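Residue-level listing of the chains:
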Amino acid sequence: MRIGPMQVWPPVVLAPMAGITNAPFRVLCREQGGGLFVCEMITSRALVERHPKTMKMIRFAESERPRSLQLYGVDPPTVGRAVKMVVEEDLADHVDLNFGCPVPKVTRRGGGAALPYKRNLLRRILREAVANAGPLPVTMKMRMGIDDDHLTYLDAGRIAAEEGVAAIALHARTARQHYGGEARWDAIARLKEAVPEIPVLGNGDIWSADDALRMAARTGCDGVVVGRGCLGRPWLFRDLENAFNGSAERARPSLGEVAKVMARHAEMMVAAFDTERYAIADFRKHIGWYFKGFTIGAELRRRVTTANSLGELLEGLAELDPAQPWPPNTDTPRGKSGERGKVHLPEGWLDDPWDTVVPEDAESDVSGG
C-alpha cells in the first residue's frame with residue numbers, strides 16, 4: 001500500500017486512541033509487525049500554542065519510523081499552521097486528520113465526526129493541510145456520518161480526493177453508533193468505488209487477523225485500521241503481518257508469555273513518564289485486556305490491578321501460572337461499546353451543510369479526545 005511517498009507493508013494502521021497509543025504502546029505493537037502506528041489525537045491549537053501536555057504527547061521513540069501524528073481541528077488556518085509546524089520542526093513523517101471522533105467534547109465544537117457535514121469547511125481544512133504539508137502525506141480518518149439521516153462519507157471522500165489527500169480511513173459506523181452494534185463494511189466498499197484513485201482503509205470490528213482478511217476480501221479496501229482489537233493483544237500485528245503475507249501462523253501466547261509482554265509494556269511506561277506511580281496507574285487500564293479469557297484468582301488479580309509501583313506489579317505477574325494456555329474464543333470485542341442516544345452538536349449545526357462558519361471557541365487548547 002502506497003501512501004504518498006511511503007510504502008506501507010503490511011497494509012495495517014494502528015488507530016490513534018486517546019490514553020492508549022502513547023510511545024510505549026506504539027513501540028510494543030511495532031515490535032510485533034509492520035505498518036503505520038499513529039500517536040494519540042492532539043488538537044491543532046494546542047500544538048501551535050505549544051501546550052506542555054501536547055508537546056509531551058507528540059514525542060516519538062528513537063526506533064519509530066515513520067512517525068505518524070494525528071491532528072484534530074475545526075479552524076482551517078489553525079490546522080494549516082499546525083501542519084506547517086510539523087513540517088518545519090520535523091515532528092513527524094505523516095499527518096492524519098481526525099474527522100471521526102464521536103465524543104461530546106469534540107462534536108459539540110463541530111469537530112471530529114461532526115465536521116464532514118459541513119462540506120465546504122471540510123474542503124477548506126483539507127486544502128490548508130495539504131498546502132502546508134510539503135513532502136509529508138496527509139491522510140484523514142472519518143465515520144459514515146453523524147447518524148443514518150446525515151451520512152457524509154461519500155461526499156467527504158470525493159472532497160478529500162480532489163484536495164490531494166493521500167489516503168482515507170473509514171470507521172464504518174456513524175457518530176451516533178459510537179462503538180455499538182456492528183460496523184457496516186458495505187460502506188467501505190462503496191467508498192472504495194467512489195474514490196478508486198486513492199487508498200481506502202477499512203476500520204471497525206477487526207478483532208483478529210482473519211477479520212482483516214475478510215474485510216479486505218469483502219470490501220476491496222487497500223488496507224485496514226486496527227483500534228480496540230489490539231487492546232491487550234499487541235501481537236495482533238504479528239498475526240496481521242503473517243496473514244497479509246499468506247501465512248496461517250497465529251500467535252497463541254501462554255499466560256507466562258503474556259506476563260512477559262505486560263512487564264515490558266509497564267517498564268517502558270515507567271521509562272517514558274515523569275513518575276513511576278503515574279506510569280503504573282496509567283498502565284493498570286491495560287491489565288483487564290491482557291487477562292481476558294485467562295483464569296486468574298481473585299486475590300492475585302486484585303493485587304496486580306491495584307499495584308502502585310513497578311516492583312509490586314512485577315511481583316504479582318511472577319505469581320501467574322506461566323503454563324496456562326491461550327484461552328479459546330477470545331478474539332471478541334474489547335474496550336468501549338454501546339450506542340449514544342444523541343450526538344452533541346453546535347446549535348444550528350445541521351441547518352446548512354455548505355456553510356463554512358467555524359463555531360465560537362471551536363479550537364480547544366486541551367489535547368486528547
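This text goes with the structure placed above it.
Predicted model, so just to flag it, every value in this text is computed and none were measured. (Residues numbered from 1 in each chain as written. Predicted model: local features only at pLDDT ≥ 70, side-chain atom pairs only at ≥ 80, totals over all residues. Heavy atoms only, no water.)

## A look at the sheet that holds strand β9 (residues 167–171)
Move 1: Across the sheet, 9 strands lie side by side as β4-β3-β11-β10-β9-β8-β7-β6-β5; this open sheet has parallel pairing. For this open sheet the edge positions go to β4 (36–37) and β5 (42–43), each flanked by a neighbour on one side alone.
Move 2: As paired strands, strand β8 (residues 138–143) and β9 are joined by 5 bridges and run parallel to one another. Each bridged residue has a counterpart across the sheet, and for Met142 the counterpart in β9 is Leu170.
Move 3: Against the sheet, helix α7 (residues 153–162) contacts β8 and β9, and its axis sits at roughly 175 degrees relative to β8.
Move 4: Docked against the sheet, helix α8 (residues 185–194) engages β8, β9 and β10 (200–203), running at close to 170 degrees with respect to β10. (Pairing = 2+ DSSP bridges. Helix = DSSP H or I, 4+ residues; strand = E, 2+ residues; numbered from the N terminus. Contact = heavy atoms within 4.5 Å. Axes fitted to C-alpha atoms, helices over the stretch in contact; angles between N-to-C directions.)

## As for helix α4 (residues 76–88)
Move 1: Over its 13 residues, α4 extends 18 Å from the first C-alpha to the last, a length consistent with the 18 Å expected when each residue adds 1.5 Å.
Move 2: Within α4 the residues assigned to the buried category are Pro76, Thr78, Val79, Gly80, Ala82, Val83, Met85 and Val86.
Move 3: Looking at the buried side of α4, the elements it contacts are α2 (44–48), α3 (52–57), β6 (68–72), β7 (94–99) and α6 (119–132).
Move 4: In the stretch just after α4, Asp90 is the one whose phi turns positive, near 50 degrees. (Expected span 1.5 Å × (residues − 1). Buried < 20%, exposed > 50% of the residue type's maximum accessible area, 1.4 Å probe, protein only.)

## Quick look at the pairing of β8
Move 1: The element β8 is largely enclosed, with a buried count of 6 among its 6 residues.
Move 2: Neither face of β8 is open: one carries Val138, Met140 and Met142, the other Thr139, Lys141 and Arg143, and all of them are buried.
Move 3: Across 5 bridges, the pairing between β7 and β8 is parallel. Following the sheet pairing, Asn98 is matched in β8 by Lys141.
Move 4: In the classification by handedness, the crossover that spans β8, the intervening α7 and the parallel β9 is right-handed. (Right-handed = clockwise from strand over helix to strand, strands pointing away.)

## Let's talk about the nonpolar core
Move 1: Core analysis: the biggest nonpolar cluster contains 83 residues, and Leu97 and Met140 have the highest contact counts within it.
Move 2: Apart from the residues lying within four places of it in its own chain, the contact partners of Leu97 are Gln70, Leu71, Val79, Leu126, Ala129, Val138, Thr139, Met140 and Lys141.
Move 3: Of all hydrophobic cores here, the second largest spans 30 residues; its members include Ala259, Ala263, Ile287 and Leu317. (Core = buried A, V, L, I, M, F, W, Y, C linked by side-chain atoms within 4.5 Å.)

## Remarks on the side chain of Lys118
Move 1: Take Lys118: it is sitting in the loop between α5 (104–107) and α6.
Move 2: A polar contact of 2.7 Å, which involves the side chain of Lys118, links it to the backbone oxygen of Asp352.
Move 3: Setting aside residues up to four positions removed in sequence, Lys118 forms contacts with Gly348, Trp349, Asp352, Pro353 and Asp355. (Polar contact = N/O pair within 3.5 Å; in protein donor to acceptor, adjacent residues only side chain to side chain.)

## Considerations on the packing of aromatic side chains
Move 1: Under the defined criterion, the tally for this structure stands at 7 aromatic pairs.
Move 2: Residues Phe37 and Phe237 carry aromatic rings whose centres are separated by 5.2 Å and whose planes lie at 55 degrees to one another, so their mutual orientation is tilted. With Phe37 in strand β4 and Phe237 in helix α10 (residues 236–244), this residue pair connects regions lying 200 residues apart in the sequence. Assigned by exposure class, Phe37 and Phe237 land together as buried.
Move 3: Through a chain of ring-to-ring contacts, three or more aromatic side chains come together here, namely Trp235, Phe283, Tyr290, Phe294 and Trp326.
Move 4: In this structure, Arg119 is placed above the aromatic ring of Trp354, and the distance from its NZ or CZ to the ring centre is 5.7 Å.
Move 5: The ring of Tyr179 has Arg143 sitting right over it, with the charged end atom 5.0 Å from the ring centre. (Phe/Tyr/Trp six-rings, centres within 6.5 Å; stacked < 30°, edge-to-face > 60°. Lys NZ or Arg CZ within 6 Å of the ring centre and 35° of its normal.)

## Thoughts on the pairing of β10
Move 1: By the alternation rule, side chains of β10 split into Val200 and Gly202 and Leu201 and Asn203, which are all buried.
Move 2: For the handedness criterion, the β-α-β arrangement of β9, α8 and β10 is classed as right-handed.
Move 3: Strand direction decides the pairing type here: β10 and strand β11 (residues 223–226), joined by 3 bridges, are parallel. Within the sheet, the bridge partner assigned to Asn203 lies in β11 and is Val225.
Move 4: The handedness of the β10 to β11 crossover, carried by helix α9 (residues 209–219), is right-handed.

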